[in-house]
Amino acid sequence: MSIAPRTRLALIGCGLISPAHIRAFGSQKERVELVACCDSRLESAERAVELASTVMRSGDTIEATTDFNAILKDPSITALDLCLPHHIHKEVTLTALRAGKHVLCEKPLALTPEDCDAMAHEARAQNRVLMHGENMRTASNVVVAKQALTAGRVGTIVGIQATYAHWQSEALNRDWRTRPAESGGGHLMDGAIHFVDVLRQLGGEITGVHAMTTQYRPELGAESEDTAALNFRFEGGHFGQLFASHASRGRGASPVVTVFGTEGCISVEPFDGAGSVVLFPHEGEREILLAEHNWQKTFDNEVSHFLDVIRDDVPLYSTPEDGRENIRVVLAAYESAKSGREVSLPKWGGWRR
Ligand SMILES: NC(=O)c1ccc[n+]([C@@H]2O[C@H](COP(=O)([O-])OP(=O)(O)OC[C@H]3O[C@@H](n4cnc5c(N)ncnc54)[C@H](O)[C@@H]3O)[C@@H](O)[C@H]2O)c1
């Protein structure tokens, strides 16, 4: 039996989230070879290589570099994982695709739906994979909840509610994150967008949003919201809500999503913890559908899926269209917060059916 060669990949951007990606490569080290860690700051690339050398195959050589062009020119590197500030996602993705690389790009895919369209178009033109890096798409608890909903375990959905409230550390909220022109907004575009994705996965497409936003922590330096309350309409006719804040202490990252139905409810706790998916049927005992959930595993699954799509041509689960739609919802929320009115999100051609 022949063994397929490992996919040769480079990590571009070695900041805050990169350790989760590096550990995910480690979880797939028999299928992926991490060739280089690239960052405009050499010390960040070196730190990434230090970690990578503890999780990848012993004997692998991993280069720390600031030379993105050399990576682009190396035909043996076929895939890039982009963990970069939001405002450069589009340009770096386009450049990478044109150089013939498959791309996994962290959320939000870009700053506007139009930029996402350009990226998706280029991926098709170059016949390369462009995966929207949304780890909540590959979170086992969201997947399990979705399966239960599809199986009709709560009957007809009547509503869906999500909370994503925590205290954003000052260390995290710096540089490009404090500049809306680069980050695309505040907490909604950076953190809460994960839960826009979860709401869409569990509740279906969003057709209207009414939002209020505010800021409690000007000391973070951000010119935009740290707290938001959103009401949604879904294509299925039900309603939804998201309360998102990074000015709230007490429960750490405390995301909870509840889907309310005519026959029961499902509660999802998207981060670690026992009872991470619980079904509350209208008759009978509550049922734990998934007891354990592991945040790192969401990234392991993400990288594993990216490799499956590149190597085995399996259908992409987290598409550029999903990335586009999450951004469209967040931008509609900003528009609504400004005008004080509900903003409709008309159907467009790209929704998953
Ligand atoms: N999935 C999640 O839970 C999660 C969590 C945090 C961040 N993210 C996403 O990951 C991405 C990166 O966020 P972060 O928190 O790691 O940011 P960060 O600022 O900590 O890291 C970004 C890195 O990119 C480097 N960089 C900037 N421009 C570059 C360039 N042109 N070439 C090479 N390197 C360059 C910076 O030096 C920095 O080290 C963002 O899209 C963010 O939304 C996702």
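Residues numbered from 1 in each chain as written. Predicted model: local features only at pLDDT ≥ 70, side-chain atom pairs only at ≥ 80, totals over all residues. Heavy atoms only, no water.

Focus on the overall build of the protein chain
No. 1: Of the regular secondary structure elements, the protein chain holds 10 helices and 15 strands.
No. 2: The C-alpha radius of gyration computed for the protein chain amounts to 20 Å, which stays within 12% of the reference 20 Å derived for 353 residues, consistent with globular compactness.
No. 3: Reported as C-alpha extents along the three principal axes, the dimensions of the protein chain are approximately 55 × 50 × 40 Å.
No. 4: Counting all 353 residues of the protein chain, 55% fall into the buried class. (Helix = DSSP H or I, 4+ residues; strand = E, 2+ residues; numbered from the N terminus. Rg over C-alpha atoms; globule rule 2.2 N^0.38 Å. Buried < 20%, exposed > 50% of the residue type's maximum accessible area, 1.4 Å probe, protein only.)

Some points on the site of the ligand
No. 1: Around the ligand, a shell composed of 24 residues is seen, among which Leu 16, Asp 39, His 86, Lys 107 and Trp 176 lie nearest.
No. 2: A distance of 3.0 Å separates an oxygen atom of the ligand from a polar atom in the backbone of Ile 17.
No. 3: The separation between an oxygen atom of the ligand and a polar side-chain atom of Arg 177 is 2.9 Å.
No. 4: Taking 840 Å² as the accessible area of the ligand by itself, protein coverage stands at 85%.
No. 5: Listed by contribution, the elements that provide at least two residues to the shell around the ligand are helix 8 (187–203) and helix 9 (295–312).
No. 6: Looking at the shell around the ligand, you find at least three residues from each of domain 1 (7–135 + 299–318) and domain 2 (137–294 + 327–344). (Near = heavy atom within 4 Å. Polar contact = N/O pair within 3.5 Å; in protein donor to acceptor, adjacent residues only side chain to side chain. Areas by Shrake-Rupley, 256 points an atom, 1.4 Å probe, with all protein chains shown as cover. Domains from an automatic or database assignment.)

With respect to the pairing of strand 7 (residues 157–165)
No. 1: Pairing analysis gives six bridges linking strand 7 to strand 11 (residues 256–261), with the strands arranged antiparallel. Within the sheet, the bridge partner assigned to Ile 157 lies in strand 11 and is Gly 261.
No. 2: As judged from the seven bridges shared by strand 7 and strand 10 (residues 239–245), these two strands associate in the parallel manner. By the bridge assignment, Ala 162 is partnered in strand 10 with Leu 242. (Pairing = 2+ DSSP bridges.)

What about the sheet that holds strand 4 (residues 79–82)?
No. 1: With parallel pairing, six strands are arranged side by side in an open sheet as 3-2-1-4-5-6. Two strands bound the open sheet, and with one partner strand each, they are strand 3 (63–65) and strand 6 (130–133). Within the sheet, the average angular offset between the axes of one strand and its neighbour, ignoring direction, is 20 degrees.
No. 2: Relative to the sheet, helix 2 (residues 42–55) contacts strand 2 (32–38) and strand 3, its axis offset from that of strand 3 by approximately 160 degrees.
No. 3: Across the sheet, helix 4 (residues 89–98) touches strand 4, strand 5 (102–106) and strand 6, and the angle it forms with strand 5 is around 170 degrees. (Axes fitted to C-alpha atoms, helices over the stretch in contact; angles between N-to-C directions. Contact = heavy atoms within 4.5 Å.)

Quick word on the domain arrangement of the protein chain
No. 1: The domain boundaries assigned to the protein chain delineate domain 1 (7–135 + 299–318) and domain 2 (137–294 + 327–344).
No. 2: Centre-to-centre separation of domain 1 and domain 2, based on C-alpha positions: 26 Å.
No. 3: Interface of domain 1 and domain 2: buried area, both sides summed, is about 1,800 Å²; carbon and sulfur atoms make up 59% of it.
No. 4: The tally of links from domain 1 across to domain 2 stands at two salt bridges.
No. 5: Two residues, Asp 175 and Arg 41, come together in a salt bridge whose shortest N-O distance is 3.7 Å.
No. 6: If you look at where domain 1 meets domain 2, you find nine residue pairs in polar contact (both at pLDDT 80 or more).
No. 7: When contributions to the side of domain 1 that touches domain 2 are tallied by element, the ones reaching two or more residues are helix 5 (113–126) and helix 9. (Buried area = accessible area lost by both parts, 1.4 Å probe. Salt bridge = Lys/Arg side-chain N within 4 Å of Asp/Glu carboxyl O.)

Topic: the nonpolar core
No. 1: In terms of nonpolar packing, the biggest core is built from 69 residues, with Ile 12, Leu 80, Leu 202, Leu 230, Phe 232, Leu 242 and Ile 266 touching the most fellow members.
No. 2: Here this core takes nine residues from helix 8, the largest share from any one element.
No. 3: A domain split of this core shows at least three residues from each of domain 1 (7–135 + 299–318) and domain 2 (137–294 + 327–344).
No. 4: With 27 residues, the next largest nonpolar core counts Ala 24, Cys 37, Ala 79 and Val 303 among its residues. (Core = buried A, V, L, I, M, F, W, Y, C linked by side-chain atoms within 4.5 Å.)

Description of the packing of helix 4 against helix 5
No. 1: Helix 5 packs onto helix 4 with a crossing angle of 5 degrees between their chain directions and a minimal axis gap of 9 Å. Judged on the interaxial angle alone, helix 5 and helix 4 are roughly parallel. Where helix 4 approaches helix 5, its residues His 89, Lys 90, Thr 93, Leu 94, Leu 97 and Arg 98 are matched on the opposing element by Asp 115, Ala 118, Met 119, Glu 122, Ala 123 and Gln 126. (Parallel < 35°, antiparallel > 145°, perpendicular 65-115°, else oblique.)

Looking at the pattern of salt bridges
No. 1: Summed over all chains, the structure comprises 22 salt bridges.
No. 2: What you see here is one network of salt bridges that share partners, running through Arg 137, Asp 197, Arg 200, Glu 205 and Asp 322.

Side note on the side chain of Gln 296
No. 1: As for its position among the elements, Gln 296 is in helix 9.
No. 2: Given the relative accessible area of 18%, Gln 296 is considered buried.
No. 3: A distance of 2.9 Å separates a polar side-chain atom of Gln 296 from the backbone oxygen of Ala 20.
No. 4: A polar contact is formed between the side chain of Gln 296 and the side chain of Asp 300, at a distance of 2.9 Å.
No. 5: Those residues in contact with Gln 296, other than ones at most four positions away along the chain, are Ala 20, Arg 23 and Ala 24.

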